[in-house]
Amino acid sequence: MVISTEVQERERERRQLEETVPRTSIIWVLGTSAFASMWMWAAFIRGHGHSRVAQLGFMAGAVVLLALTARLLGGVLRRRLNLSPGASASAVAFCYSGWLLPAAFLPEYVLGGRPLLARTLVLLAGCVLLLAAFLRIALRHGSGPGLFRWNVKPAVLVAAVCVVYFVLAGYGSIRKLHSFGYVGQDVAYFTQTLYTTLHGHLFYSNMYHDLLYSKPVSSDFAGHNQLVLALFLPFYALHHSAATLLLLRNASIVLCAWPVYLISRRVLSPGLSAAASIAFLLVPAVAYQNIYDFAPLSLAGFPLLFAIYYFLEGRFRPFLIAIFFTQIVREDLVFAVFGLGLLALWQRRPARWVAVPCGFALFWAVLSWKIVFPYFLQGSTSAVASCFAYLGNTPVEMVR
């Protein structure tokens, strides 16, 4: 009779626990666990000669293991921090959002060749750190006092991550340069443009011009209006190397965490803003630029994000400086600058918020396509326009 009563009591507690745990938390944990198991399969199992049954068994086992880990973690939080079942389940579910980081790389891992083990381990280590950070944030902003007691300010944490990020990205870029890993010619091309500029020939290179143009041209301005290259000259004068361009490019990318943090702080807490800044740097489209062939367009993120921040803050003068440095990166960013003017019009801001960015974008478009390009093309066919030649013979036909 005593045993029967204990069984009934345990069953009642189990049902009560299931009723208090949000179903959304359970679904989220299972979903992220499925993504994580698929990535682990693609990273460690796919292409190693295992049978389909073994591969399916691995993925199923990984899902079960991750789900059980989440359940055990929830139990630890309930016992040690005296959290309710619902609060602990929500904290664990938010923590498991960290598994979305490797999920972002899932298409590449599934469809591409066998990934490098070192790269996979670095990604896995970053994912574990992100899981720990998310758990701490969830506990700090939930009903629990927090499992980890860190005294580091979020802004300091972002700065430290940025330093480590820059060092690792810089090492990867230089290592790739020294091992002749860049398959394109852009690194050599832009290095030559800086060298020739220092010797009296404005952004001249003879590497691409004979391939891309119908006759020789005298400057990179024949293809793009990239005044931002002038900002590289002082640094290149100090150290004549392609590594200078790569490191400056990487520095511009990692500095994007600064405006992202400022934008996030408008609506989020310091901890969540720090997580957003770090997550931004880990987005594949952003992270890959650190080891991609050099392109000045990679520098657009830093001033453009600051332009958005000052736009949201309503600070007009810094906004003007930001859109200027955004625009000198490349001529086609007139669409981004003009778009900010249209957004100001939609928000019914004062006339200067509409007229200045729209007018500046139109001015830069006319300067680029009607003055700079025709002058430096010297009658040659535009290499950029030839990319869209299948759309028509004239700009009007291409637009149509």
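Residues numbered from 1 in each chain as written. Predicted model: local features only at pLDDT ≥ 70, side-chain atom pairs only at ≥ 80, totals over all residues. Heavy atoms only, no water.

Some words on the packing of aromatic side chains
Basically, it comes down to this: Stacked, tilted and edge-to-face are the three classes assigned to paired rings of Phe, Tyr and Trp, where Trp is represented by its six-membered ring and a pair needs centres within 6.5 Å; plane angles under 30 degrees give stacked, over 60 edge-to-face, the rest tilted. Residue exposure (1.4 Å probe, protein chains only): buried if accessible area is under 20% of the type maximum, exposed if over 50%, otherwise partly exposed. Sitting over a ring, as applied to charges here, requires NZ of Lys or CZ of Arg to be within 6 Å of the ring centre and within 35 degrees of the ring normal.
Inspection of every chain in the model, using the stated rule, returns 25 aromatic pairs. Ring centres 6.2 Å apart and planes at 80° place the aromatic pair Trp39 and Phe44 in the edge-to-face group. A relative accessible area of 0% means that Trp39 is categorised as buried. Judged by relative accessible area, Phe44 falls into the partly exposed class, the value being 31%. Ring pairing ties together the aromatic residues Trp258, Phe302, Phe306, Tyr309 and Tyr310, which thus form one cluster. When the ring centre of Phe311 is taken as origin, the NZ or CZ atom of Arg349, which lies over that ring, is 3.8 Å away.

Some remarks on the environment of Ile26
Rule in force here: Only DSSP runs of H or I reaching four residues or more are called helices, and only runs of E reaching two or more are called strands; each is numbered from the N terminus.
Among the secondary structure elements, Ile26 is positioned in helix 2 (residues 23-45). As for Ile26 and Arg71, which are separated by 45 residues in sequence, their C-alpha atoms are 9.6 Å apart.

Brief notes about the side chain of Asn290
The condition is simple: Here a polar contact is taken to be a pair of N or O atoms separated by no more than 3.5 Å, where protein atoms must pair a possible hydrogen donor with a possible acceptor and residues adjacent in sequence count only if both atoms sit in side chains. Any two residues having at least one pair of non-hydrogen atoms within 4.5 Å are treated as being in contact.
Mapped onto the elements of the fold, Asn290 is located in the loop between helix 15 (284-287) and helix 16 (301-313). A distance of 3.0 Å separates the side chain of Asn290 from the side chain of Tyr165, its partner in a polar contact. Apart from residues no more than four positions distant in its own chain, Asn290 is found in contact with Tyr165, Ala169, Ser173, Arg249, Asn250 and Ile253.

With respect to helix 14 (residues 270-282)
Note the cut-off: Here a helix's expected span is defined as the number of its residues, less one, multiplied by 1.5 Å.
The end-to-end C-alpha separation of helix 14 is 19 Å, in line with the 18 Å expected for 13 residues at 1.5 Å each. Among all positions of helix 14, only Ser273, Ala274, Ala275, Ser277, Ile278 and Leu281 are buried.

Remarks on helix 19 (residues 351-377)
With 27 residues, helix 19 ought to run about 39 Å at 1.5 Å a step, and its terminal C-alpha atoms sit 37 Å apart, in line with that. Downstream of helix 19 by a residue or two, Gln378 has a phi angle that is positive, lying close to 55°.

Details of the layout of surface pockets
To keep things clear, this is the line we draw: Using a grid of 1 Å spacing that covers the protein atoms alone, one calls a set of points a cavity when a 1.4 Å probe fits there but cannot get out, and a pocket when the set is open and has protein on both sides within 12 Å along at least five of seven lines; lining residues are those with an atom within 4 Å of a point. Grid points are joined across faces, edges and corners, and a volume is the space filled by probe spheres set on the points. When residue character is reported, Ala, Val, Leu, Ile, Met, Phe, Trp, Tyr, Cys and Pro are called nonpolar, Asp, Glu, Lys and Arg charged, and the others, Gly included, polar.
In this structure, the largest pocket encloses a volume near 1800 Å³. Forming the walls of the largest pocket are 47 residues, and the residues nearest its centre are Val122, Leu123, Tyr165, Leu168 and Leu282. Among the secondary structure elements, those contributing two or more residues to the lining of the largest pocket are helix 6 (106-111), helix 7 (117-141), helix 8 (154-178), helix 14 and helix 15. At twelve residues, the largest contribution of residues to the lining of the largest pocket is made by helix 8. Taken together, the residues of the lining of the largest pocket break down into 33 nonpolar, seven polar and seven charged.

With respect to unusual backbone geometry
One non-glycine residue with positive phi stands out, namely Phe180, at about 55°. You can see Phe180 is positioned in the loop between helix 8 and helix 9 (186-198). One non-glycine residue, Phe203, lies in positive phi territory at about 50°. Of note, Phe203 is situated in the loop between helix 9 and helix 10 (209-212).

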